[in-house]
Amino acid sequence: MATNWHTTVTERQAGGQRRNFTAPLSWEKAAGWLVLVPVAFFFVYPLWKLVILSVKTETGIGLGVFSEMLADVRTWSAVYHSLVAAVLSTVLALVIGVTLAWLCAYTDIRGKGAIHVMAMLPLLIPSYVMTLAWTQMAGPAGVLNRFASWLAGTPVELWNVYGLDGIIVVMGLSHYPLVYMLTLSVLYRIPKELEWAARSSGAASRSVLRQVTLPLALPGIASGGLLAFISGLDNFGIPAFLGIPAGIPVLSTLIYEQVIGFGPSAFGRAAVLSILLGVIALVGTGLQWLLLRKGRVDQTSAEDRSVRYALGKKRFLAEGAVGLFLFVTSFLPLLSMASTALIKAYGLPFLTENLTWKHFLFVLRDHAGTREAIANSLLLAGLTGVLCLIVGTLFAYWRIQRPSALGKMTEGAVSLPYALPGMVVGLAMILTWMEPIPGWQPGIYGTVWMILIAYVTRFLILQVKSSTVSILQVGREVEEAARISGGHLWTRWSRVLLPLYAPGMLTGLFLVMLTAFTELTISSLLWSSGSQTIGVVIFGFEQAGSTTLSSALSTLIVTAILILLAVGGIWKRYWQRRMEG
Amino acid sequence: MNRVSLRNWTLSLFAAISVIGLTACGTSSSPQATTTSSPATPQTNSTQSAEPAPAKVEGTISFYTSQPDEDAAALIDGFTKKHPQVKVQLFRSGTEEVISRLQAEAQAGQVKADVLLVADAPTFASLKKQDLLMPYNSPEAEQIPAELKDADGAYTGTKVMATVLAVNTQKGNKLPDSWKVLTAPEAAGKGVMPSPLYSGAAAYNLGVFTRQSEFGWEYFEGLKANQMTVSKGNGAVLKSVAGGEKDYGIVVDYMVARAKTEGSPVELIYPSEGVPVITEPIGILKKAQNPAAAKAFVDYVLSEEGQKLAAGLGYTPIRKGIGAPEGLKSLEEIKVLSADIAELEASREADKKKFGEMMGGN
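Since this is a predicted model, take the numbers as computed values, not measurements.

## A look at the overall build of chain A
When helices and strands are counted, chain A shows 25 helices and two strands. Counting only C-alpha atoms, chain A reaches 80 × 75 × 45 Å along its principal axes. Classification of the 581 residues of chain A by burial places 60% in the buried group. For chain A, long-range pairs separated by at least 24 residues make up 78% of all intrachain contacts whose partners lie at least 6 apart in sequence. Of the roughly 22900 Å² of accessible surface on chain A, a fraction of 69% belongs to carbon and sulfur atoms.

## Concerning the overall build of chain B
Counting its regular elements, chain B contains 12 helices and 13 strands. The 362 residues of chain B split such that 62% are buried. Relative to all contacts within chain B whose residues are 6 or more apart in sequence, the contacts with residues 24 or more apart total 76%. Carbon and sulfur atoms form 54% of the exposed surface of chain B, whose accessible area is close to 13800 Å².

## Overview of unusual backbone geometry
Among all residues save glycine, negative phi is the norm, and among peptide bonds the norm is trans. Residue and element names in this part refer to chain B. With a phi close to 60°, Asp-131 is a non-glycine residue in the positive phi region. Along the chain, the position of Asp-131 falls in the loop between helix 5 (121-129) and strand 4 (133-134). Asp-131 gets classed as partly exposed once you look at its relative accessible area, which sits at 44%. The phi dihedral of Gln-227 is positive, around 55°, even though this residue is not glycine. Looking at where Gln-227 falls in the secondary structure, it is placed in the loop between helix 7 (216-225) and strand 7 (229-231).

## Considerations on the pattern of salt bridges
Counted according to the given criterion, the structure contains 26 salt bridges over all chains. As a salt-bridge pair, B:Glu349 and A:Arg269 come within 3.7 Å of each other at their nearest N and O atoms. In this pair, B:Glu349 sits in helix 12 (residues 341-359) while A:Arg269 sits in helix 14 (residues 266-294), so the two residues belong to two different chains. With its nearest N and O atoms 3.7 Å apart, the salt bridge here joins A:Glu319 to A:Arg315.

## Observations concerning a nonpolar patch on the surface
A contiguous nonpolar surface patch, about 380 Å² in accessible area, is contributed by A:Leu83, A:Val87, A:Leu88, A:Val91 and A:Val95. Inspection of the secondary structure puts A:Val91 in helix 5 (residues 73-106).

## Remarks on helix 19 (residues 422-433) of chain A
Residues and elements named next belong to chain A. With 12 residues, helix 19 should cover 16 Å at 1.5 Å per step; its first-to-last C-alpha distance of 16 Å lies within 8% of that length. The buried fraction of helix 19 is high, at 12 of 12 residues. Inspection of helix 19 places Gly-422, Met-423, Val-424, Val-425, Gly-426, Leu-427, Ala-428, Met-429, Ile-430, Leu-431, Thr-432 and Trp-433 among the buried residues, and these make up the whole buried set.

## Things to note about the interface of chain B and chain A
Listed by partner, the interface residues are 76 residues for chain B and 87 residues for chain A. Between chain B and chain A, roughly 7400 Å² of surface is buried when both sides are summed, and carbon and sulfur atoms account for 60% of that area. In this assembly, chain B and chain A are joined by two salt bridges. Ionic pairing is found between A:Glu542 and B:Lys239, a salt bridge with its closest N-O pair at 2.5 Å. The tally of links between chain B and chain A comes to 18 residue pairs in polar contact (both at pLDDT 80 or more). With 21 residues, the top contributor of residues to the side of chain B that touches chain A is helix 1 (residues 3-37) of chain B. Among the residues making up the side of chain B that touches chain A, the classes are represented as 27 nonpolar, 29 polar and 20 charged.

## What about helix 8 (residues 234-242) of chain B?
Residue and element names in this part refer to chain B. Burial runs high along helix 8: nine of the nine residues are buried. Listed in full, the buried residues belonging to helix 8 are Asn-234, Gly-235, Ala-236, Val-237, Leu-238, Lys-239, Ser-240, Val-241 and Ala-242. Just downstream of helix 8, Gly-244 is the residue with a positive phi angle, here 85°.

## Here's the deal with the nonpolar core
Counting 285 residues, the largest nonpolar core has A:Tyr180, B:Leu116, B:Leu182, B:Phe220 and B:Phe297 as the members making the most contacts within it. Looking at which element gives the most residues to this core, the answer is helix 20 (residues 448-473) of chain A, with 17 residues.

## Regarding the sheet that holds strand 1 (residues 59-65) of chain B
All names here are of chain B. The five strands lie next to each other as 2-1-3-11-4, forming an open sheet whose pairing is mixed. The two strands at the open ends of the sheet, each matched to only one other strand, are strand 2 (86-92) and strand 4. Packing against the sheet, helix 3 (residues 69-82) makes contact with strand 1 and strand 2, and its axis sits at approximately 170° to strand 2.

## Here we look at the packing of aromatic side chains
When we look at a pair of aromatic rings, we describe it by the centre distance and by the angle of the planes. Taken as a whole, this structure holds 34 aromatic pairs over all chains when the rule is applied. Ring pairs connect the aromatic residues B:Trp179, B:Phe209, B:Phe215, B:Trp217, B:Tyr219, B:Phe220 and B:Phe355, which therefore count as one cluster. Over the ring of A:Trp289 we find A:Lys408; its NZ or CZ atom is 5.8 Å from the centre of that ring. Here the guanidinium or amino end of B:Lys180 rests over the ring plane of B:Phe215, the centre of that ring lying 5.2 Å away.

## Quick look at the pairing of strand 1 of chain B
Residue and element names in this part refer to chain B. Of all seven residues making up strand 1, seven are buried, and the element is well covered by its neighbours. Pairing geometry for strand 1 and strand 2, over seven bridges, is parallel. Note on strand 2: the bridge partner recorded for Ile-61 is Val-88. Handedness of the strand 1-helix 3-strand 2 crossover: right-handed. As defined by bridge partners, strand 1 adjoins strand 3 (residues 115-117) across three bridges and the pair is classed as parallel. Bridged to Thr-65 within strand 3 is Leu-117.

## Here we look at the side chain of A:Asn235
Residue and element names in this part refer to chain A. Looking at the element boundaries, Asn-235 is found in the loop between helix 11 (205-234) and helix 12 (237-242). There is a polar contact of 3.0 Å between the side chain of Asn-235 and the backbone nitrogen of Ile-238. Among all residues touching Asn-235, those that are not within four sequence positions of it are Ser-127, Met-171, His-175 and Ser-252.

## Some thoughts on the environment of B:Glu140
Residues and elements named next belong to chain B. Its place among the elements puts Glu-140 in the loop between strand 4 and strand 5 (159-168). For the pair Glu-140 and Tyr-300, spaced 160 residues apart in sequence, the C-alpha to C-alpha distance is 8.3 Å. At a separation of 2.9 Å, a polar atom in the side chain of Glu-140 contacts the side chain of Arg-319.

## Focus on the confidence of the model for chain B
All names here are of chain B. Per-residue confidence for chain B averages 84 on the pLDDT scale, and 84% of its residues sit at or above 70. A low-confidence stretch, residues 1-53 stays under pLDDT 50, and its non-local contacts, those more than four residues away or across chains, total 77 contacts. We note a pTM of 0.84 for the whole complex and an ipTM of 0.83 for its interfaces.

## What to know about the confidence of the model for chain A
Close reading of the predicted structure is inappropriate where its pLDDT is low. Residue and element names in this part refer to chain A. Here chain A shows a mean pLDDT of 84. Residues at 70 or above account for 93%. The secondary-structure element of chain A with the lowest mean pLDDT is helix 1 (residues 2-15), recorded at 37, while helix 5 shows the highest, at 94. Long-range and interchain partners of residues 1-23, a stretch whose pLDDT sits below 50, account for 27 contacts in this model, where long-range means more than four residues apart.

## Let's talk about the packing of helix 5 of chain A against helix 6 (residues 112-124) of chain A
All names here are of chain A. Packing of helix 5 against helix 6 leaves a shortest axis separation of 10 Å and a crossing angle of 155°. Our classification of the angle between helix 5 and helix 6 gives roughly antiparallel. As helix 5 runs across helix 6, the sense of the crossing is left-handed. Across the interface between the two elements, Leu-100, Leu-103, Cys-104 and Ala-105 of helix 5 pack against Lys-112, Ile-115 and Ala-119 of helix 6. Among the residues making up the contact of helix 5 with helix 6, the classes are represented as six nonpolar, no polar and one charged.

## What about the side chain of B:Glu273?
Residues and elements named next belong to chain B. Its place among the elements puts Glu-273 in the loop between strand 9 (266-269) and strand 10 (275-278). Despite its burial, Glu-273 pairs with no opposite charge; the closest candidate is Lys-180, at 4.6 Å N-O. Separated by 2.6 Å, the side chains of Glu-273 and Ser-178 make a polar contact. Filtering out sequence-adjacent residues up to four positions away, Glu-273 remains in contact with Asp-177, Ser-178, Trp-179, Lys-180, Glu-214, Phe-215, Lys-335 and Leu-337.

## With respect to the environment of A:Leu556
All names here are of chain A. Here Leu-556 shows up in helix 25 (residues 547-580). For Leu-556, a relative accessible area of 25% translates into the label partly exposed. Separated by 116 residues in the primary sequence, Leu-556 and Trp-440 place their C-alpha atoms 42 Å from one another. Setting aside anything within four residues of it in sequence, one finds Leu-556 in contact with Phe-360, Val-363 and Leu-364.

So, how was this worked out
Residues numbered from 1 in each chain as written. Chains lettered and ligands numbered in written order. Predicted model: local features only at pLDDT ≥ 70, side-chain atom pairs only at ≥ 80, totals over all residues. Heavy atoms only, no water. Helix = DSSP H or I, 4+ residues; strand = E, 2+ residues; numbered from the N terminus. Buried < 20%, exposed > 50% of the residue type's maximum accessible area, 1.4 Å probe, protein only. Contact = heavy atoms within 4.5 Å. Areas by Shrake-Rupley, 256 points an atom, 1.4 Å probe, with all protein chains shown as cover. Salt bridge = Lys/Arg side-chain N within 4 Å of Asp/Glu carboxyl O. Patch = residues over 30% accessible without salt bridge, like charges linked within 9 Å, V, L, I, M, F, W, Y side chains within 5 Å. Expected span 1.5 Å × (residues − 1). Buried area = accessible area lost by both parts, 1.4 Å probe. Polar contact = N/O pair within 3.5 Å; in protein donor to acceptor, adjacent residues only side chain to side chain. Nonpolar A, V, L, I, M, F, W, Y, C, P; charged D, E, K, R; others polar. Core = buried A, V, L, I, M, F, W, Y, C linked by side-chain atoms within 4.5 Å. Pairing = 2+ DSSP bridges. Axes fitted to C-alpha atoms, helices over the stretch in contact; angles between N-to-C directions. Phe/Tyr/Trp six-rings, centres within 6.5 Å; stacked < 30°, edge-to-face > 60°. Lys NZ or Arg CZ within 6 Å of the ring centre and 35° of its normal. Right-handed = clockwise from strand over helix to strand, strands pointing away. pLDDT = per-residue confidence, 0-100. Parallel < 35°, antiparallel > 145°, perpendicular 65-115°, else oblique. Left-handed = near helix turned anticlockwise from the far one by under 90°. Lys, Arg positive; Asp, Glu negative; His and termini not counted.

What follows is the structure, given as structure tokens:
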């Protein structure tokens, strides 16, 4: 670390000669340390605790666990499946996310508000519900195959969602909103004049898209793609549901298998696999930097939500396609969840005499833990959101305004807790925060603050990438101009930078808060009396076999969030109008 | 002149915020932490002198369990009615999550749990091997059959949970009475079971089945040949069968009984060969900070009152002389398939591995 730090300083000395006259180098150095130390403590140290586990053997320190795991065929089979699933699902998420964002940002397609809210659903619906809905639709006895068999007159299996292809599809459909959200805010900011200029110079629409729009939108696309990629790596619910019955291990499920194993080397084996997973995540982050280098940053433009392409006759077609897509991928899963919650007992046919509100009443009125859990989750989501908003935006600002190897390394470190399965992150948190420094027990363990730290650590990257998108789009000249006009730090940020950064910052805040609000794995490992979250309650119902109750609670939560989203959307529009006006 | 320094201000701010955030967390939580660890010491000394010690039962105990939420709450309620001076702190999650947390705490050098209650005996045997448990022969345990508790008192079974055959009743299947139906043509492609790789209870069942002369590994080869689906856990199996995706499932009894009572189209069958039984044992951790209260808690769970409570919640009680809830068989009526716990513990990883290789990668 230290050597890299020196090289970055010398690079900067060479590059920014002007700065050498204006300020002592120690400021730069201090800034670097101020980022490095917290990142090392909050992000690298817990992972280091895992790495130690992987080399711990009964006799002392050794690579025995490593060689044992690396020699196992299943390990490499899991690596292969994880890679294929994460990469292909990212491609799918990119195609859907970018297309949808382009349609919403530039064309005269109608119902944009509704599309926006519907596109958020896959992030909100717990992934096991999403998966269950897909098995009902495309499982061996699912609607699709029964319909095909009915048409053909003989049993036909058109497509079976159990298997690697099913994992890829469901993952891609669950993660495209990340790409969509980050791309959308970029597209609005691309000056329409650039596209016009290209078109008036004779470029066809397709080459405008390829040579102007997409390169300019790369910050958003690449960031969204990275988030989709690492979400695919850490996802447990989808491969657990669709992969286990098909005998397909991925790294996240194999890690779980190892963690729950008996014997002293169980954690060590899980740690080795986590390291493999971490390496894959870092390679993904590296690829994203390569992509970003090709992206162009142009002059800042205010958000422009005007229609740029009239779809004409194709509008109906586009609206129909988007509508059908959202109906199948967002609305049907929600509907299947809600109908499970309304049925008296799981498995009964959906008939009037079998319907009841009692599950909703039970979770709201009779179940003691629900209200407390909602309060806790709200508190956690709020605090996590605000902390991530401040820290993540400042980090992104530093990372972009001072590009350096150190910046890349710290960003890689920040992305790791999001890429690792929640179980592993939770365990690393226990190992770290019980006694962070030998002899110092902060008393955080077993309280709600433990979960807060875990959430901030895990979800910070969502905010960093979202803020990055906006910061990348605002040229440095803006800040320079503000400075030359005599704007002081506070004025610069509050009057100039924050309004320009706001779209990305808000996207990040939304993502972080939503994810934290519905988080399941970490809290089910770290909670204790008085700090149970919504995820813990849902997990509890699910484990007791009470699917109807868990569906009822999930439905309530998703509906509440949808209402909030709609209200939030209106508020956001109002706020932006005020800022621009 | 001042522009670089100002920029760096933002970074100092970033660092300052993270530090403030951290200290804020630290200070606001410390009082809670002290309350959990304060009681301990005096009682520890008084109870170490064997015999039913007249130690005062008070303070806080930390209870880690995998029981469903409501059941754990009912148990704690019942206990605190009897011992109002004791506050029970609960951590409830899946057996796997509970044990992982416990192991991580042990790795970090501080086990925070006082009392543990999770699915199966081999899991406890593994903890006993790691010297994490405190032996305690509860006077109440005398009413519990010897084969369902540890000889050294490290853990004691609290209920009887049989793994049974669940059958969907809407498919018009003839109700079977043997595990062998799962290898028969009528169940081809229609069976589902929880994966031993992801569920401790399923791993226990695997160990027991493969050690019966009647079944052995050949049985599982037969299941594989009959396209048995392996699902993540008991919950998923029940869903598959109740939802009609599959017709037959290997699943824990109380879940089926509950679903059936609610009206789900499932039937519960105790096959004639017998059933593997897990006992949800309870044990006290060696480093328990409040052993007196922990022992009182164990006594309560095993007492007549505690066992009646369990029966009321829909479980087969383990104590002799207390009837099973409706829909379930009592311990006397169940033909139990069993195997040596120490052997099950020692060979669990090997069993799981063999199963994974056999069923996995179709």
